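Reading the structure
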Amino acid sequence: MKAVKFGGTSMSTADSILRVAKIIKQDRDRRFVVVSAPGKAEGEDKVTDALVKVSEACACDRKAAFAPVRSRFERLCEGVGLLGLLDGELDAIERNIVQADYCYILSRGEYLCAKLLAGVLNYSFIDAAELIRFNGNSFDDELTQDTCKVGLKGKLDVVIPGFYGSDENGRIVTFSRGGSDVSGAIVARAVDADVYENFTDVDGFMTCDPRFVPHASVIDVLTYKELRELAYMGANVLHPESIFPVRKANIPIHILNTFNENAIGTKIVPTEEFLSGKHVRKNNMPITAIAGRQHFFSMHIDKSLMNSEVGIMRRVLSCFERYGVSVEHIPSGIDSVTVVFSAVDSETTNKLIEEVKMEVNPDHISLTTDISLIAIVGHGMKSRPGTAARAINRLSHANINLRMLDMGASEINLILGVSDSDFERALKALTGEFEV
């Protein structure tokens, strides 16, 4: 049995919705379907973006702001041969949005899209608000599993909207954007699916970002751990939190392309199963993929005898915590530490520097504001020495200055820091070195 999720591009036009219906009916194991709101189409914004505009309008203007969303779904219904299917739902939403909150309004794209696909397939519709539970604004995993198991018990051939659930008072609460991936994984775990298929508009995870490295290829097998490292560094085929529900149940994920039935996609498998030899990649290179993100800051702190000063690291990090600044990496030496963090505004940066000065009284402190981080990821690095040396040598030969080097304790990721201006050249040089 399979749980299947289709992204916004897959649901963006009447033709693509009919294609989705055909894909589902081609495999009778696809019994639980989760959908996103319709994405961009020619001359059309993403439905969720249009709903953001509705939420931002004053109460008296919301009906007019909702008109493009209403028109989009009316045309989708007509295009799939179900004219008028959603008229009652659209009328009700139009009435409710006058006083509705942000999450309710944002969730209506998925709600309507699931209603529409259920009509096309002649499947049952189950509202995510009845299945997925939040405690305030925080997702409640244990309660959700209980609610889903009860709500889906004995059910087959159902369509469920992604992206949202409800709290103890029945208020609609949403995940972050892209959260339908999480919804699909929750459903897959609840029904004990054999596989969670995630259909999108790309052939799978690539060995590197094809915008920078056009010859990048599709990775056929990826582990949960590798996925987390790559997703964190910007490989955003999947929502980064979507693996947690299925990982707990050792359910593999299969990334597939709605628009390319010949693509084999990427299978994301339990790490332990991969390491035991159950899954084998076609490409047996030590490096699985390379990914990167730009525009980080780094704060370099020097202080004599830093290594003997108990608690100094805690005091430095407490400054970042007070300002809500996310810390990415902390490479250190005997008398120095560098804190790499997500770029923030100049006012916050200046306050951070002053706080650190007051907290630890450093000999010297400096700030760099043009750091890019590149992750070299792969389980094969553990057993094959020389990865770091090869990376450093390749950057040197390309005349790229290495500004930071950090290897994770898991030994499956090597983080390199370069200047923003060298980011693209570094990606190309490293993918060339490791033939990914």
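What follows covers unusual backbone geometry. The phi dihedral of D192 is positive, around 55°, even though this residue is not glycine. As for its placement among the helices and strands, D192 is situated in the loop between α7 (180-190) and β9 (195-200). Positioned with a positive phi, N399 is a non-glycine residue whose angle comes to about 60°. Tracing the backbone shows N399 in the loop between α13 (387-397) and β17 (404-407). The class of N399 is exposed, set by a relative accessible area of 67%.

The next subject is the pairing of strand β1 (residues 2-6). Taking burial as the measure, the five residues of β1 include five buried ones, the bulk of the element. Neither face of β1 is left uncovered, since the one carrying K2, V4 and F6 and the one carrying A3 and K5 both have all their residues buried. Looking at chain direction, β1 and β9 are connected through five bridges and run parallel. Each residue of the ladder has a partner; that of V4, found in β9, is E197. As paired strands, β1 and strand β2 (residues 30-35) are joined by five bridges and run parallel to one another.

Before going further, it helps to examine the sheet that holds strand β12 (residues 266-269). Spatial ordering of the open sheet is given by β3-β6-β2-β1-β9-β11-β12-β10, a layout of eight strands whose pairing is mixed. Both outer strands of the open sheet, β3 (124-125) and β10 (221-223), are each paired with one neighbouring strand and no more. Sheet strands touched by helix α8 (residues 224-232): β10 and β12. Its angle to β10, the strand with the most contacts, is close to 85°.

Time to look at the state of the cysteines. Applying the stated criterion across every chain, the model contains zero disulfides. Note on C58: no disulfide assigned, nearest cysteine sulfur contributed by C60 at a separation of 3.3 Å. Take C58: its relative accessible area is 39%, and that puts it in the partly exposed class.

Below, the discussion takes up helix α3 (residues 62-79). Compared with the 26 Å implied by 1.5 Å per residue over 18 residues, the 26 Å span of α3 between its first and last C-alpha is a close match. Listed as buried for α3 are R62, F66, V69, R70, R72, F73, L76 and C77. Positive phi shows up at G81, right after α3, with a value of about 85°.

This next bit is on α8. Of all the residues in α8, the buried ones are Y224, E226, L227, L230 and A231. Along the long axis of α8, the arc covered by the buried residues comes to 155°, so they all point the same way. Of the surrounding secondary structure, the elements contacted by the buried residues of α8 are β10, α9 (243-248), β12, α10 (271-275), β13 (289-302) and β16 (364-377). Looking at the residues trailing α8, positive phi occurs at G234, about 110°.

Scanning the entire structure with this criterion turns up eight aromatic pairs. A ring pair is formed by F297 and F341, whose centres lie 5.8 Å apart and whose planes are at 85°; its orientation type is edge-to-face. Of the two residues, F297 is situated in strand β13 and F341 in strand β15 (residues 336-342); the sequence distance between them amounts to 44 residues. Neither F297 nor F341 differs from the other in exposure class; each is buried. Aromatic pair F320 and F341: ring centres 5.2 Å apart, planes at 65°, arrangement edge-to-face. Residue F320 is found in helix α11 (residues 312-322), and its partner F341 is found in strand β15; the two are separated by 21 residues along the sequence. Here F341 falls in the buried class, since its relative accessible area comes to 0%. Every member of this aromatic cluster is reached through a ring pair, and the members are F134, F139 and F175. Over the ring of Y111 we find R108; its NZ or CZ atom is 4.5 Å from the centre of that ring. Positioned above the aromatic ring of Y164, the side-chain terminus of R108 is 5.3 Å from the ring centre.

Tracing the backbone through its elements, the reader meets R62 in helix α3. D101 is the oppositely charged side chain nearest to the buried, salt-bridge-free R62, at an N-O distance of 7.8 Å. Engagement of the side chain of R62 in a polar contact is seen with the backbone oxygen of V54, the distance being 3.4 Å. Beyond its immediate stretch of four places on either side in the chain, R62 contacts V54, S55, A57, I97, V98, Q99, A100 and I105.

This paragraph deals with the nonpolar core. Ranked by size, the top nonpolar core spans 97 residues in total, and within it L117 and L152 carry the most contacts. Top contributing element to this core by residue count: helix α5 (residues 102-121), with 13 residues. Once residues lying within four places of it in the same chain are set aside, the contact partners of L117 are M11, I17, V20, I24, V33, V35 and V159. Core analysis: the second largest hydrophobic core is formed by 21 residues, I290, I374, I376 and L395 among them.

What counts as what
- Residues numbered from 1 in each chain as written.
- Predicted model: local features only at pLDDT ≥ 70, side-chain atom pairs only at ≥ 80, totals over all residues.
- Heavy atoms only, no water.
- Helix = DSSP H or I, 4+ residues; strand = E, 2+ residues; numbered from the N terminus.
- Buried < 20%, exposed > 50% of the residue type's maximum accessible area, 1.4 Å probe, protein only.
- Pairing = 2+ DSSP bridges.
- Contact = heavy atoms within 4.5 Å.
- Axes fitted to C-alpha atoms, helices over the stretch in contact; angles between N-to-C directions.
- Disulfide = S-S within 2.5 Å.
- Expected span 1.5 Å × (residues − 1).
- Arc of directions from axis to C-beta.
- Phe/Tyr/Trp six-rings, centres within 6.5 Å; stacked < 30°, edge-to-face > 60°.
- Lys NZ or Arg CZ within 6 Å of the ring centre and 35° of its normal.
- Lys, Arg positive; Asp, Glu negative; His and termini not counted.
- Salt bridge = Lys/Arg side-chain N within 4 Å of Asp/Glu carboxyl O.
- Polar contact = N/O pair within 3.5 Å; in protein donor to acceptor, adjacent residues only side chain to side chain.
- Core = buried A, V, L, I, M, F, W, Y, C linked by side-chain atoms within 4.5 Å.

Geometry only, nothing functional implied.
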